[in-house]
Every structure is written in structure tokens, then in C-alpha cells.
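Descriptive analysis of the structure
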Amino acid sequence: MNDAAAQDHGSDDDGSMSRRRVLRTTAGAAGASLAIGALGTGPAAAGESAGAAGNTGEPAGAAPARKGGATMAGVPFEGRSTVRVGIIGLGNRGGSMIDLFLAQPGVRVIALCDPVRAKAERAAARVTASGQPAPALYTKGEDDYENLCARGDLDFVYVATPWESHFPMAKAAMLNGKHVGVECPVAMRLDELWALVDLSERTRRHCMQLENCCYGRNEMRVLRMAHAGLFGELLHGAGAYNHDLRELMFDPDYYEGPWRRQWHTRLRGDLYPNHGFGPVANYLDVNRGDRVVSIASFGTPALGLAEYREAHMPPGDPSWKETYIGADRTISMLRTAKGRIIRLEHDVSTPHPYSRINSLGGTKGVFEDYPARIYLEPDHTDHQWGAFGKYADWDHWLWKEHANPPGGHGGMDYIMIFRLMQCMRLGLVPDFDVYDAATWTAPVPLSHASIRAKGTPLPIPDFTRGEWRKDRTGVDSDKPSD
């Protein structure tokens, strides 16, 4: 990654929800309520809230208690000449993505939502400056997103808000007949993940985790090489979100309110697994011939945020009332049905250069990122790392077609939005679906539960209900014909 890697890579940098909602959520979602007994592990009725779904009494990750609806695996979008988009959340992340939607052919931004009207107005000005009609604005309180979702002239809703609001917003979009894309993580509880799966199947609307790191140039090159057999039989992979966010988490202007930091007072586990997990899951064809079956997690003491607060925050700052339980470094080991191993790491509370690890190994060699390096037989025989740049011919067609994409994070944001909008316009199957969203996010509640159980391995649900056994396409897609 270039210097853009110093930015955050998901919805966590969006400040669109008010401090009032964050504080209310904190009071209502104490860490104890997210322990094993309240994971809500079974499939919830699609129309139920997380609270109604609640604890089913099943062991964590238990098999579905009932048969779900028809699968959404392999279901294409309906083709259309124009994709009509509504955006919820116009903070750092949501506001930065508007230009990428406006840059796509056949895409119109119809509606914008944020409780802070000034943010919505600034975003609307960029829409009209691009030559599109003025979008409708939804700024009347924290729940006005429901009115945006109820519009009859939207095809897709993009959600870029604080984490606790992702589930209700995705739910509202699908109940109103809209496809929805959500920044990471898609939800924070296991029962919420099941509810999204059920609701996607029931409404026939796609619910996607917009994991931009799956579209990184290195990630897509490794993916194509893995599928071509260059690594031999795949054995293991690793991914992470190791990113020193201490300064940003105590900056009231970057994260509007304390919402992100306060998650460290509630959960001990991996709060942000998707950036590392998504690409490795693609390499190993998780949900497309293999699946993850268990997770065991371990966490260090939580010291980093408290030490940073002591060194940098004045007496009387509201943060002094917080008690941090989130492990500074979380390490999780996941096992797949084929016996492969995935290692996930999370650390945003201690000094560390940015790294997603992004590693893949097989019987013929290994790739490791940060910095990118590779060792493959028969190309390498001297026990020395080789240059990954020599494998540029394996770049995905998206990177060959868009060699210098605009936007942040090295261009991966643009590639992700281009591909998603292309799939919607042409009526293609999306590169990932609600089953991927649920699987990539499951380590959030399950790592917390495993750490509380002293590293006990816990089952990971089969959100696909058996569809994982079928080979199907994903991010390693063929270039479509327009």
C-alpha cells in the first residue's frame, strides 16, 4: 500500500451518528451482554430484531434450527441501465466515497442521509457539481435513514456509519426491497448475522460486506495465482488489521464522538477482522468449496489505550470514565473443513507500522505482504525471497483495465465500487454475498467468546446451509462483455 494505507479502511472513520446514540448504545450493550450466553447463535426470523432473536439456548455456532429460504448464492442482480444509489453516513468514509460513485458509468446518486445537515449539504454540492440533479436529503434525526430506504426510486443503499447501526440499516434497506452494501463489520452479534442471512433469502435482496481489501492489487494477483495452482495445494493463510489508531480514537473530530473507542470497553476480541479475513477467505475458496468450521482466540492484557490516555488526555476528559477490556493484540486461529489454518490478528492500541499481513502458503511456496515478497518453486531454489513485482502478468483484469484508479487506499476503493456497479448494471452475480458478509464478521463475537473461555475453540456456523460445498465464482471473476 502507498501512504493511503495510513488511513482507516472501513466505516469506522465515519462520524455520522450522534454522540447521544453512541452513549445510549454503550449503556444498553455492556460487555457482559455480549458474552457466550447472549451471542444469539441460531438463525433468527428475518423480520425480528436482534433483541427478539436473542439467546436461543443453542451452543455457539450450532447448526440452523430450521431450514432457511432459497439460497442467495449465485443469484444475479437484475440488469438495469442506471443504478440509483442512496448513501447513509457522510462522515470521513461515506463522504470520501461519493466521488467514486459519481465516477461510475450509469450510476446516479439519488438520496443522501446524515443527522448533521451540513455534511449532507456538502455532499449534495458534489453531486450537483458532477452534473447530476440535486439529491434528496434526509437529515431529520437519527432514524431518517428509514425514510431514505422507503423511497421507491432506489436500487442500492450504501451504509457507512458507526458499527452499531449497520445491522438496523441493512435490515431496513432489504425490507424496503433494496440491495445493500455495508462497510465493515456488517453487524456485531451472531444473531444479527443470522438475521441478515435470513432476510436476504426472504427478500431476495443482496446484503454485501463492502470489503475493499479484497480488491487490492496484491490481493487480486495472489488470488489469481492461487487459483492457477502456482502455490500448489493450499495449506494456510494469515490476515490482520494491525494499525495504530490511538491518536485517532482520542480525536473527537476524526471519530465524531467516542463510539469507536468505546467498543474497547465492551468486547475483548477481534473488533475488525474483515480486512485480513476477506482476502484469505477468497484465496482458500471459503464458502466456495471449503468453509471455516472453528475459531480459537487469545488476547493480551488491555493496556495501550489507558497508557495513551494518561500521557495525552487532560484531567476531566470524558475518556477517564472508561475502562478498557479490549485486548491490545488478539490472535485467532481458524480451521477449515479441509484442514487448512487461517491466522487472524488485530491490534489498534499499540505502536505498530500498518500491516494486514496478507500471507498465503501451499506445497509449492509462500507469499507474504508488508513488504510484498514471494518464494515459489521452481522459480526460487536458494531459500531467498523473490520479487513479487515479477509476477505482474498475473494481475486481475480489473487492475489491467484500471492501472491507475482514482480514490483512496491505493485505488482499491474505486475498483470495488466499479465492479459492484458493473455487476448491478449488467445483471451479474455479485463477487460476494450475505454468506461471505456473515462469515467474515463472525470472528467479532466469537473471538470475544473464545477469549472469555480461555481460548476454547468455538464452532463457526455454516451460514450457507450447505451451499459451501459447491464450486462457484467469486472475486476471481472473468471480464464480462458489455
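You'll find the structure just up there.
The structure reproduced in this document is the subject of the present report. Think of each chain on its own: its residues are numbered from 1, step by step along the sequence as written. In keeping with the model being predicted, local features are shown solely for residues with a pLDDT of at least 70 and side-chain atom pairs are shown and tallied solely at 80 or more, while totals for entire chains, interfaces and linings include all residues. Side-chain figures throughout are based on the complete set of non-hydrogen atoms in the structure, without hydrogens or water.

Labels follow the DSSP assignment, with helices taken as runs of H or I lasting at least four residues and strands as runs of E lasting at least two, numbered in each case from the N terminus. Of regular secondary structure, the chain possesses 16 helices and 14 strands. Two residues qualify as a contact provided that any one of their heavy atoms is within 4.5 Å of a heavy atom in the partner residue. In the chain, of all internal contacts separated by at least 6 residues, the share reaching a separation of at least 24 is 77%. With residues, only the protein chains shown are counted as cover, and all accessible areas are computed by Shrake-Rupley using a 1.4 Å probe. A total accessible area of about 17400 Å² is found for the chain, and carbon and sulfur atoms account for 51% of it.

Because an α-helix packs 3.6 residues into every turn, residues spaced three or four apart end up facing the same way. Within helix 6 (residues 166-175), eight of the ten residues are buried, which leaves it mostly tucked inside the rest of the structure. Three labels apply to residues, based on accessible area from a 1.4 Å probe with only protein chains included: buried if under 20% of the type maximum, exposed if over 50%, partly exposed otherwise in between. Of all the residues in helix 6, the buried ones are His166, Phe167, Met169, Ala170, Lys171, Ala172, Ala173 and Met174.

Right, let's talk about helix 3 (residues 92-102) for a bit. Within helix 3, eight of the eleven residues are buried, which leaves it mostly tucked inside the rest of the structure. All buried positions along helix 3 are accounted for by Arg93, Gly94, Gly95, Met97, Ile98, Leu100, Phe101 and Leu102. On the buried face of helix 3, the contacting elements are strand 1 (83-88), strand 2 (107-113), helix 4 (117-129), strand 4 (156-159) and helix 14 (412-426).

Let us now look at the nonpolar core. Core analysis: the biggest nonpolar cluster contains 104 residues, and Phe101, Phe156, Phe231 and Met421 have the highest contact counts within it. Sorting elements by how many residues they give to this core places helix 14 first, with nine residues. Excluding residues within four positions of it along the chain, Phe231 makes contact with Val222, Met225, Ala226, Leu360, Gly362, Thr363, Lys364, Gly365, Val366, Phe367, Ile374 and Leu376. Nonpolar cores are built from buried Ala, Val, Leu, Ile, Met, Phe, Trp, Tyr and Cys residues. Side-chain atoms within 4.5 Å join them into one set. With 20 residues, the next largest nonpolar core counts Tyr241, Tyr324, Tyr354 and Val444 among its residues.

Throughout, the protein atoms alone are placed on a 1 Å grid, and a set of points is a cavity if a 1.4 Å probe fits but cannot get out or a pocket if it is open with protein on both sides within 12 Å along at least five of seven lines; lining residues have an atom within 4 Å of a point. Grid points are joined across faces, edges and corners, and a volume is the space filled by probe spheres set on the points. For the coordinates displayed, the defined rule picks out three cavities of 30 Å³ or more. Phe77, Met208, Leu210, Tyr215, Met416, Arg419, Leu420, Cys423, Pro430, Asp431 and Phe432 together form the lining of the largest cavity. If you tally residues by element for the lining of the largest cavity, the top one is helix 14, at four residues. Classification convention: Asp, Glu, Lys, Arg as charged; Ala, Val, Leu, Ile, Met, Phe, Trp, Tyr, Cys, Pro as nonpolar; all other residues, Gly among them, as polar. Here the residues of the lining of the largest cavity sort into nine nonpolar, no polar and two charged.

Turning our eyes to something else, we now look at the packing of helix 11 (residues 274-283) against helix 15 (residues 434-441). Lines fitted to C-alpha atoms define the axes here, with helix axes fitted over just the stretch in contact, and angles between the N-to-C directions of these axes take values from 0 to 180 degrees. The geometry of helix 11 relative to helix 15 is characterised by a closest axis approach of 9 Å and an angle of 125° between their N-to-C directions. One finds that helix 11 runs oblique with respect to helix 15. Of the two elements, helix 11 crosses helix 15, and the hand of that crossing is right-handed. Taken together, the residues of helix 15 that come into contact with helix 11 (itself represented by Asn274, Phe277, Gly278, Ala281 and Asn282) are Thr439, Trp440 and Thr441. Residues belonging to the contact of helix 11 with helix 15 are distributed by class as follows: three nonpolar, five polar and no charged. Each angle is binned into one of four classes, with values under 35 degrees roughly parallel, values over 145 roughly antiparallel, values of 65 to 115 roughly perpendicular, and all other values oblique. Put simply, a crossing is left-handed when the front helix is turned counterclockwise from the back one by less than a right angle, and right-handed when it is turned clockwise.

This part takes up the packing of helix 3 against helix 14. Two measures define how a pair of helices packs: the angle their axes make with one another and the distance between the axes. The geometry of helix 3 relative to helix 14 is characterised by a closest axis approach of 10 Å and an angle of 60° between their N-to-C directions. The orientation of helix 3 with respect to helix 14, classified from their angle, is oblique. The handedness of the crossing between helix 3 and helix 14 is right-handed. Contact residues: helix 3 offers Arg93, Met97, Leu100 and Phe101, while helix 14 offers Asp413, Tyr414, Met416, Ile417 and Met421. Residue composition of the contact of helix 3 with helix 14, by class: seven nonpolar, no polar and two charged.

With mixed pairing, the eight strands of this open sheet are ordered in space as 13-12-11-7-10-9-8-14. Looking along the sheet, the strands with just one partner apiece sit at the ends: strand 13 (373-376) and strand 14 (458-459). In terms of strand pairing, strand 8 (residues 292-299) meets strand 9 (residues 330-336) through seven bridges, oriented antiparallel. Residue Phe298 lies in a different strand from strand 9, and its bridge partner there is Ile331. For two strands to be treated as a pair, DSSP must find at least two bridges joining them.

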